[in-house]
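For reference, the chains in residue letters:
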Amino acid sequence: MKLYSVSDGPPSLAVRMTLKALNIPFELVDVIFNNGEHLTEEYAKLNPQKEIPVLDDDGFLLSESIAIMQYLCDKYAPDSPLYPKDPKQRALVNHRLCFNGMFYYASIGAHCLAPMFFDYERTPMGLKKLNIALATFEEYLKRLGTKYAAGDNLTIGDFPLMTATLCLEAIDFSLDEYPLIKNWYETFKNENPDLWAIAEGGMKELAHFEKNPPDLSAMTHPIHPIRKVNK
Ligand SMILES: N[C@@H](CCC(=O)N[C@@H](CS)C(=O)NCC(=O)O)C(=O)O
């Protein structure tokens, strides 16, 4: 099994956490985002969306990090509490996965990551959306009242929420206004050091890029404006 992954990409890191938590051996193929390795026609054969990550399980190609995490659990660990079978418990895990992708990480990525790599400003509107997403996650944690995002046990629902939240740590965004998120984030780190070790590498890379914006001027991106660099 191969995972095409970018070393500081939250969706890739969430899949790597899943592989680690399930003890599945795999070959890690590093895709260098800053060189635009994912924008080639060769890469599009793996994933026509030209996004990272992609799983290649003996020729079975799967993109979309959430689908990959669900597939890994279903195929290799159907009885794992990481992806419970009980319909309501599983629905909550699925909710956290969807909430993250559609709402939480969507606003974190737009506010924290896009301006780190491309020619965008952080805007008051982006900050507003980010705070709405954080307040919503805070409320979900309050309503459920459990240690982890979808219950008292760790599930795959926690992984992408963690790898999204690490982007905030990378830009020194304080979680003081969101005590339940802060507590959940620290609990995850303390109780799952081997999983956090995977995420921490990405967080440190992002923290580096926050202070030293990468030079992507050799890249032609189909969507994002490339920052001009004075050489
Ligand atoms: N929906 C995708 C999103 C993955 C994603 O956003 N990957 C980023 C890297 S972290 C990417 O490939 N972006 C392509 C680009 O910006 O050119 C997933 O969850 O797998």
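Computed from a prediction, not measured in an experiment: that's the story for all the values here. (Residues numbered from 1 in each chain as written. Predicted model: local features only at pLDDT ≥ 70, side-chain atom pairs only at ≥ 80, totals over all residues. Heavy atoms only, no water.)

Enquirer: For this particular structure, what's the right way to read the pattern of salt bridges?
Expert: Pairs can form between side chains of opposite charge whenever their charged atoms are close. Per the stated rule, a full pass over the model turns up 12 salt bridges. Residue K189 is joined to E169 by a salt bridge in which the shortest nitrogen-to-oxygen separation is 2.9 Å. Placement of K189 in helix α7 (residues 179-191) and of E169 in helix α6 (residues 158-170) is noted, with a sequence separation of 20 residues between them. A salt bridge links K204 to E200, with the shortest nitrogen-to-oxygen separation between them at 3.5 Å. (Salt bridge = Lys/Arg side-chain N within 4 Å of Asp/Glu carboxyl O. Helix = DSSP H or I, 4+ residues; strand = E, 2+ residues; numbered from the N terminus.)

Enquirer: It is not clear to me how the nonpolar core should be interpreted in this structure. Could you clarify?
Expert: Across soluble globular proteins, you tend to see nonpolar side chains buried next to one another. Membership of the largest hydrophobic core comes to 65 residues, with the highest contact counts inside it found for Y104, F159 and W184. Broken down by secondary-structure element, the contributors of at least two residues to this core are α1 (10-21), α3 (65-76), α4 (87-117), α5 (124-144), α6, α7 and α8 (193-211). Residue-level mapping places this core at the junction of two domains, with at least three residues from each of domain 1 (2-76) and domain 2 (87-211). When near neighbours in sequence (up to four residues on either side) are disregarded, Y104 contacts F99, A133, L134, F137, L161, A164, T165, L168 and I181. Membership of the second largest hydrophobic core comes to 7 residues, among which are Y4, Y43, L46 and V54. (Core = buried A, V, L, I, M, F, W, Y, C linked by side-chain atoms within 4.5 Å. Buried < 20%, exposed > 50% of the residue type's maximum accessible area, 1.4 Å probe, protein only. Domains from an automatic or database assignment. Contact = heavy atoms within 4.5 Å.)

Enquirer: Where do I start with the site of the ligand in this structure?
Expert: In the neighbourhood of the ligand, the contacting residues comprise G9, P11, F33, H38, K50, E51, I52, P53, E64, S65 and H221. Within the backbone of I52, an N or O atom sits 2.8 Å from a nitrogen atom of the ligand. When the ligand is considered free in solution it has 510 Å² of accessible area, and contact with the protein chains removes 79% of it. With respect to the detected pockets, the ligand is housed in the largest pocket. (Near = heavy atom within 4 Å. Polar contact = N/O pair within 3.5 Å; in protein donor to acceptor, adjacent residues only side chain to side chain. Areas by Shrake-Rupley, 256 points an atom, 1.4 Å probe, with all protein chains shown as cover. 1 Å grid on protein atoms, 1.4 Å probe; cavity = no way out; pocket = protein on both sides within 12 Å on 5 of 7 lines; lining within 4 Å. Sits in = over half its atoms within 2 Å of the grid points.)

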